[in-house]
Amino acid sequence: MNNLEFDYLKQVLYERSGLVVTREKGYLIESRLAPLARRNGLESVDRFIEETRRTRNEAVLTQIIDAMTTNETLFFRDAWPFERLSKTLMPEVMAKTKTSRRIRIWSAACSSGQEPYSLAMTLAEMAPALAGWQVEIVATDISDAMLARAEAGRYSLFEVSRGLPEHMLRKYLLPEKDGWRVKDSLREMIEFRRYNLLEDPYQSGLGPFDIVFCRNVLIYFDEETRKRVFTGLARVMRPWGYLCLGGAETVVGISDAFRVLPGERGLFGLAR
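Here is a short report on the structure shown in this document. Keep in mind the model is a prediction, meaning the values are calculated, not measured. (Residues numbered from 1 in each chain as written. Predicted model: local features only at pLDDT ≥ 70, side-chain atom pairs only at ≥ 80, totals over all residues. Heavy atoms only, no water.)

Describing the nonpolar core
- Judged by nonpolar contacts, the single largest core of 47 residues is most densely connected at Ile64, Cys214, Leu243 and Phe258.
- For this core, the secondary-structure elements that each account for two or more residues are helix H1 (3-17), helix H2 (26-39), helix H3 (45-55), helix H4 (58-68), strand E7 (209-213), helix H11 (223-235), strand E8 (237-244) and strand E10 (267-270).
- What phenylalanine 258 contacts, discounting residues up to four positions off in sequence, is Phe230, Leu233, Ala234, Met237, Leu243, Val251, Phe268, Gly269, Leu270 and Ala271.
- Membership of the second largest hydrophobic core comes to 42 residues, among which are Ile103, Leu173, Tyr242 and Leu267. (Core = buried A, V, L, I, M, F, W, Y, C linked by side-chain atoms within 4.5 Å. Buried < 20%, exposed > 50% of the residue type's maximum accessible area, 1.4 Å probe, protein only. Helix = DSSP H or I, 4+ residues; strand = E, 2+ residues; numbered from the N terminus. Contact = heavy atoms within 4.5 Å.)

If you want it as structure tokens, here you go:
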């Protein structure tokens, strides 16, 4: 890819999604955009980006963002956040919200939906303790295609084999011809919305939240963008709120809006 087209693609991805691409990721650009180029009747990625730069076609730009967004996810990824949710976070948040008996959880960058459905299953397992409580899960993603998949709640045999315990599979999903589908009772626990993490969640009307899962997405952003995202997240969290990041992500040295919780990795509270 020539410098002009690469610089344009780099700028578009950064400004619209926060993604940082380098020349070393040329193979990734080629593998993800080549099928899109062919679908748009162009013989090469270079020609595709050149045409996109010329036309500024919004529909095509959206397709590019969708294609370049990493959507690696699985049910109950890493396990520990969901154990913390049921054993520690929910009981502590319930103690803080016993008057309103309302709890809101945000699954940011939810991809194809495995994380919010894992959250919903965890809460469903807590049903006796949550009797009389209103618990809402809001799941957001930048990709319309991923949100459509998530809302449909249909997963292949391979996808349900990654992290989803057998007893949960049988309890919360129904077998279909080519895979499994999440039961309506679980799907109804989640509100799916399109949202770009570069936006201000407060201005987007997303908050307030007691618990925010924003896992394994900030690793694709530079420090300035991470700081911007953390500022937005803090604005829509209640004073006792918890932020759960991926195991390789941290607020340390980036944002003073959050504090490290003693003995915890990937779990943070609002700064007091």
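After presenting the structure, the write-up continues.
A look at the packing of aromatic side chains
- Tallying each qualifying case throughout the model produces eight aromatic pairs.
- When the centroid spacing of 5.6 Å and the interplanar angle of 65° are considered together, the rings of tryptophan 106 and tyrosine 195 count as edge-to-face. Of this pair, tryptophan 106 sits in strand E1 (residues 102-107) while tyrosine 195 sits in the loop between strand E6 (190-194) and E7, placing them 89 residues apart in sequence. Tyrosine 195 carries the same exposure label as tryptophan 106, and that label is buried.
- Taken together, the aromatic side chains of Phe75, Tyr117, Tyr155 and Phe192 make up a single cluster linked through ring pairs.
- The positively charged end of arginine 23 is found above the aromatic ring belonging to phenylalanine 6, 4.4 Å away from the centroid. (Phe/Tyr/Trp six-rings, centres within 6.5 Å; stacked < 30°, edge-to-face > 60°. Lys NZ or Arg CZ within 6 Å of the ring centre and 35° of its normal.)

Focus on the packing of H1 against H4
- At their nearest, the axes of H1 and H4 sit 11 Å apart, and the two run at 85° to each other. The angle between H1 and H4 falls in the class roughly perpendicular. Within the contact between the two elements, H1 uses Tyr8, Leu9, Val12, Leu13, Arg16 and Ser17 and H4 uses Glu58, Leu61, Ile64, Ile65 and Met68.
- A per-class count over the contact of H1 with H4 returns eight nonpolar, one polar and two charged. (Axes fitted to C-alpha atoms, helices over the stretch in contact; angles between N-to-C directions. Parallel < 35°, antiparallel > 145°, perpendicular 65-115°, else oblique. Nonpolar A, V, L, I, M, F, W, Y, C, P; charged D, E, K, R; others polar.)

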